[in-house]
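# Tertiary structure, described
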Amino acid sequence: LSRAVRAHASFFEFTPFAFVLLFLAELNGAPTAWVHAGYSALFVSRLTHTVGLLHSKALNVFRKVGFFGTVVVMLATAGYNFGLGYEPLKSFLGVQ
């Protein structure tokens, strides 16, 4: 039961932030294929991480691969959004 609780908590620690970053990238005009690839990579990463958490310690490599895959998705989307600067935000808020 404790492993299932940990898997659930791990999902809610990282996934909402990654969803927000990918959503902002989509709003900022990221190519649709990139956004779909980001969501797909996030799905596979989280699934791999969960397999690593719920199974024996011998499969712990899945946990590490899943975690680093999630971090790569978050860093890539954060870098894309950061690279755009403040112009999309100003445009969205209607500030001149």
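Okay, the environment of Leu84 next. With respect to the helices and strands, the residue Leu84 is situated in helix 3 (residues 60-84). Owing to a relative accessible area of 30%, Leu84 belongs among the partly exposed residues under this scheme. Placed 30 residues apart in sequence, Leu84 and Leu54 show a C-alpha to C-alpha distance of 39 Å.

Let's shift gears to helix 3. Along its 25 residues, helix 3 runs 37 Å from first to last C-alpha, staying within 8% of the 36 Å computed at 1.5 Å per residue. Directly beyond the C-terminal end of helix 3, a positive phi value near 80° is found at Gly85.

The next subject is the packing of aromatic side chains. Counted by the stated rule, this structure contains 4 aromatic pairs. Centroid distance Phe14 to Phe67: 5.5 Å. Interplanar angle 70°. Geometry classified as edge-to-face. Of this pair, Phe14 sits in helix 1 (residues 2-27) while Phe67 sits in helix 3, placing them 53 residues apart in sequence. A relative accessible area of 22% means that Phe14 is categorised as partly exposed. Relative to Tyr39, the ring of Phe19 lies with its centre 5.7 Å away and its plane at 55°, an arrangement referred to as tilted. With Phe19 in helix 1 and Tyr39 in helix 2 (residues 32-54), this pair connects stretches of sequence that are 20 residues apart. Phe19 sits in the partly exposed class, given a relative accessible area of 40%. Clustering of aromatic rings is evident, with ring pairs tying together Phe14, Phe67 and Phe68.

Time to look at the nonpolar core. Listed in full, the 6 residues of the largest apolar core are Ala18, Leu21, Leu22, Leu42, Val73 and Met74. Elements with a contribution of two residues or more to this core: helix 1 and helix 3. In terms of residues, this core owes the most to one element, helix 1, which gives 3 residues. Apart from residues lying up to four places away in sequence, Leu21 is in contact with Met74, Thr77, Ala78 and Asn81.

Calculation rules
- Residues numbered from 1 in each chain as written.
- Predicted model: local features only at pLDDT ≥ 70, side-chain atom pairs only at ≥ 80, totals over all residues.
- Heavy atoms only, no water.
- Helix = DSSP H or I, 4+ residues; strand = E, 2+ residues; numbered from the N terminus.
- Buried < 20%, exposed > 50% of the residue type's maximum accessible area, 1.4 Å probe, protein only.
- Expected span 1.5 Å × (residues − 1).
- Phe/Tyr/Trp six-rings, centres within 6.5 Å; stacked < 30°, edge-to-face > 60°.
- Core = buried A, V, L, I, M, F, W, Y, C linked by side-chain atoms within 4.5 Å.
- Contact = heavy atoms within 4.5 Å.

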